[in-house]
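# Structural characterization, general
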Amino acid sequence: RKTERRAYDRSSGPFFVGNMNIEALRRAAEEAVTSLNLFILDLKERPGNAFAIFVDGEDFVTLEKLSRLNKLIEAAFDRDMEDFSLEVSSPGATTPLTDRRQLPKHLGAPMKLLMNDGKKVKGELSALNEEGLTLRWKERVPKEIGKGKQTIEREEFFAFSQVKEAKRTVNFNR
């Protein structure tokens, strides 16, 4: 006589704790960030029903806002039914800027651009518009008359379509 073994069905019963639905998490996060004047840069699903949400805002993001955001998102779910880990974070100081809405707060700050053709440009973010950004920097060039070099200030506009990556640079030697 053969006995048939049945695997325990983990999708029902009193001990079931469901996996978080990433779309439900995205909806809850989008509603919460709007109330705090933030925006979502990225939402990542990690092994073990863990999630990471990266946010930014028109102003610099404070720890207080991140804490409030975490609480608002978690309040949207029944923790007895959904077991998940949530990390809410803002990008680091030198993390590439991935959304144009991040740029205005960096006006006047040092930036490094990586262009689509591989060229790198460093300078101060001096202007922005719908089509692109302008960097200003100082450069040593040969004198027109005589020997030696002189320092000149350059300013150049770069269309967003030319820019592969933009990063704020931080000078710790000041």
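It should be noted that the structure appears before, not after, this text.
Let us look at the structure shown here.

The next thing to look at is the pattern of salt bridges. For the structure shown, the criterion picks out 11 salt bridges. With a closest N to O distance of 2.3 Å, Asp 56 and Lys 105 form a salt bridge. You can see Asp 56 sitting in strand E2 (residues 50–57) and its partner Lys 105 sitting in the loop between strand E3 (85–89) and strand E4 (110–115), a full 49 residues away along the chain. Considered together, Asp 56 and Lys 105 belong to a single accessibility category, that of buried residues. Shared partners join several salt bridges into a network, and the residues in it are Glu 124, Arg 136, Glu 153 and Glu 155.

Checked against the element boundaries, Gln 102 lands in the loop between E3 and E4. For Gln 102, a relative accessible area of 1% corresponds to the buried category. Here Asp 56 takes part through its side chain, which lies 2.8 Å from a polar atom of the side chain of Gln 102. Once residues within four sequence positions are removed from consideration, Gln 102 is found in contact with Phe 39, Leu 41, Asp 56, Pro 91 and Leu 97.

Taken as a whole, this structure holds 1 aromatic pair when the rule is applied. The ring of Phe 39 carries the charged tip of Arg 101 above its face, separated from the ring centre by 4.0 Å.

Another point: the side chain of Asp 56. Residue Asp 56 is classed as buried on the basis of its relative accessible area, which comes to 5%. When neighbours within four sequence positions are excluded, Asp 56 is seen to be in contact with Leu 38, Phe 39, Leu 41, Val 61, Pro 91, Gln 102 and Lys 105.

What counts and how
Residues numbered from 1 in each chain as written. Predicted model: local features only at pLDDT ≥ 70, side-chain atom pairs only at ≥ 80, totals over all residues. Heavy atoms only, no water. Salt bridge = Lys/Arg side-chain N within 4 Å of Asp/Glu carboxyl O. Helix = DSSP H or I, 4+ residues; strand = E, 2+ residues; numbered from the N terminus. Buried < 20%, exposed > 50% of the residue type's maximum accessible area, 1.4 Å probe, protein only. Polar contact = N/O pair within 3.5 Å; in protein donor to acceptor, adjacent residues only side chain to side chain. Contact = heavy atoms within 4.5 Å. Phe/Tyr/Trp six-rings, centres within 6.5 Å; stacked < 30°, edge-to-face > 60°. Lys NZ or Arg CZ within 6 Å of the ring centre and 35° of its normal.

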